[in-house]
Structure formats: structure tokens, C-alpha cells
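# Geometric and topological summary
Listed below are the residues making up each chain.
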Amino acid sequence: MFCDIYLNDFYNIMEDTKGSNKALEKYTRKEITNFKGGKVIIAYDEENILNFINVSKKTSNEKLYYGKINNTLALKIYGSINLYLKDYNFSLQRNSLKHIFNHHGTYTRENKRGQIKILAEDFILLPEILTNYDRIYLSHKVECNNISFVIEKEINNIFYKLICYVSNKKHTIEVKTLYKIKRTLPLCI
């Protein structure tokens, strides 16, 4: 009974989430039950995402699932890069999170590259970046013999570049890395 109440709260949260995106489908009760006991955390809301990031910075082997790719987004991606990813889980693993913060999470390093430091709050934007991208293309790099692709999205004059790879074995789209660049406006002469 407690589980049913919790699951009902989950569905209400998912429907009421501010800025939620319908291109990522919520999980069914059966799928949520199957995740229990595993190392999967479901991104119910922004607080869950930030908690996952704070815990994962220290220690954790868990992965965060943002949701499943729906048919509309799968067809959009297919039309751009010829990959049909319907029902694939969009996920973030601890090792990718660690890589992102180690390589793109310091002001001095990113400033030298002309980039902006990644913050925990940037991970809240990942579903928006994936589902409403400005540009997507296949990457020349291969991650563990899996196809990888690059997604670009401008939000509030900041260009986000999200690199993901497809794991057909796990049926997931895994975040590999993320970085951002401040948009510089051209001078008017």
C-alpha cells in the first residue's frame, strides 16, 4: 500500500513538474518496480537530479534515468542521424558525471578554453537539451564500440554541447560529457 501511494505521488510529480518535456516518457509502475533493488535512480524532479549529483560526486555506482524517448523524439532523431531510439532510457552515470566535473567543472580550466564552468544545475537542463536540440550529428568517436552523437542547444545565450553514446545492450542513451560556451555577440560596425 505504501508503495502504491508513493507511486501515485511520483506520477503527480511527473505531470506537475515545471518545464517538463513530454518527449521523455515517464516510467510505468512495472518499470519502476523492476528498477527497485538495482542501481537506477529516477529523475522525478529537479531536487532528485541535484541530490543524485551531490551524492555521486562523492561515492555511488548508481545511474540517473531521466525518462524514455517517445516516438515523436525518436523520429526526429532518426530524421537527423538515422538512429531510431524509441523507448531508450536517457541516463547519466556516475563515471560520466565525474568526468564532466573533473574536466569541465573548474573556472580556470574552462576560462582558458573559452568555455564556462559546468554547475550541478546544468544537469537539470539535459532533458531540454536532448528533446529540443538546435543541432544533432554523429560523432567520429566511438565509445565502447557504441555509436556516439553530439547535441547542441542554445539556452539564454549559452551554447550547450552534450555528447552521448547509444548502448544497445542496455537500451540507453548515455551522457558522455557536457560543456558550455558563452555566446559572444558580433560587434555592429
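Heads up: the structure comes first, above all this text.
Below you will find a few notes about this structure. (Residues numbered from 1 in each chain as written. Predicted model: local features only at pLDDT ≥ 70, side-chain atom pairs only at ≥ 80, totals over all residues. Heavy atoms only, no water.)

## Quick notes on the overall build of the protein
Within the protein, the regular secondary structure consists of seven helices and eight strands. Counting across all 189 residues of the protein, residues that qualify as buried make up 43%. Accessible surface, the protein: about 11,000 Å² in total, of which carbon and sulfur atoms supply 53%. (Helix = DSSP H or I, 4+ residues; strand = E, 2+ residues; numbered from the N terminus. Buried < 20%, exposed > 50% of the residue type's maximum accessible area, 1.4 Å probe, protein only. Areas by Shrake-Rupley, 256 points an atom, 1.4 Å probe, with all protein chains shown as cover.)

## As for the packing of helix 3 (residues 46–58) against helix 5 (residues 94–104)
Helices that pack against each other are described as a pair by the angle of their axes relative to one another and the distance between those axes. Axis separation between helix 3 and helix 5 bottoms out at 9 Å; the angle between their running directions is 85 degrees. Here helix 5 runs roughly perpendicular to helix 3, going by the angle between their axes. On helix 5, the residues touching F52, I53, S56, K57 and K58 of helix 3 are R94, L97 and F101. (Axes fitted to C-alpha atoms, helices over the stretch in contact; angles between N-to-C directions. Parallel < 35°, antiparallel > 145°, perpendicular 65-115°, else oblique. Contact = heavy atoms within 4.5 Å.)

## Description of the nonpolar core
The biggest cluster of nonpolar side chains holds 40 residues, and the ones touching the most others in it are Y66, F90, F123 and F149. By residue number, the principal contributor to this core is strand 7 (residues 158–167), which donates five residues. Other than its neighbours up to four places away in sequence, F123 contacts I49, I53, Y66, L92, L97, I100, F101, I118 and L178. Among the nonpolar cores identified, the runner-up in size contains six residues, and F35, I42, Y44 and Y65 belong to it. (Core = buried A, V, L, I, M, F, W, Y, C linked by side-chain atoms within 4.5 Å.)

## Some thoughts on the packing of aromatic side chains
Under the counting rule described, the total for this entry stands at six aromatic pairs. With 5.5 Å between their ring centres and 50 degrees between their planes, F101 and F123 make a pair best called tilted. Of the two residues, F101 is situated in helix 5 and F123 in the loop between helix 6 (107–113) and helix 7 (126–131); the sequence distance between them amounts to 22 residues. Both residues of the pair, F101 and F123, count as buried. Taken together through their ring pairs, the aromatic side chains of Y27, F35 and Y65 make up a single cluster. Of note, K76 hangs over the ring of Y133, and the distance from its end group to the ring centre comes to 4.2 Å. (Phe/Tyr/Trp six-rings, centres within 6.5 Å; stacked < 30°, edge-to-face > 60°. Lys NZ or Arg CZ within 6 Å of the ring centre and 35° of its normal.)

## A few points about unusual backbone geometry
Positive phi is not limited to glycine here, since D87 has a value of about 70 degrees. Looking at the element boundaries, D87 is found in the loop between helix 4 (71–81) and strand 4 (89–93). By relative accessible area, which is 29% here, D87 ends up partly exposed. Unlike most non-glycine residues, N156 shows phi in positive territory, near 50 degrees. Locating N156 in the fold gives a position in the loop between strand 6 (146–155) and strand 7.

## What to know about the environment of Q93
By the element assignment, Q93 lies in strand 4. Given the relative accessible area of 13%, Q93 is considered buried. It is 6.4 Å that separates the C-alpha atoms of Q93 and L64, two residues lying 29 residues apart in sequence. What Q93 contacts, discounting residues up to four positions off in sequence, is K63, Y165, K170 and E174. Polar contacts involving the side chain of Q93 include one to the side chain of E174, which spans 3.0 Å. (Polar contact = N/O pair within 3.5 Å; in protein donor to acceptor, adjacent residues only side chain to side chain.)

## Notes on the pairing of strand 6
The side chains of a regular strand alternate, residue by residue, between the two faces of the sheet. Burial within strand 6 is extensive, with eight of its ten residues counted as buried. Pairing of strand 6 with strand 7, which is carried by eight bridges, proceeds in the antiparallel orientation. The residue bridging E154 from the neighbouring strand is F159, located in strand 7. The hairpin turn running from strand 6 into strand 7, its antiparallel successor, is two residues long, and N156 in that turn takes a positive phi close to 50 degrees. (Pairing = 2+ DSSP bridges.)

## Overview of helix 5
Taken residue by residue, helix 5 has R94, S96, L97, I100, F101 and H104 as its buried positions. The arc that holds the buried residues of helix 5, viewed along the axis, is 165 degrees, so those residues lie on one side. Against helix 3, strand 4, helix 6 and strand 8 (172–182) lie the buried residues of helix 5. (Arc of directions from axis to C-beta.)

Shape is all these values report; function is a separate question.
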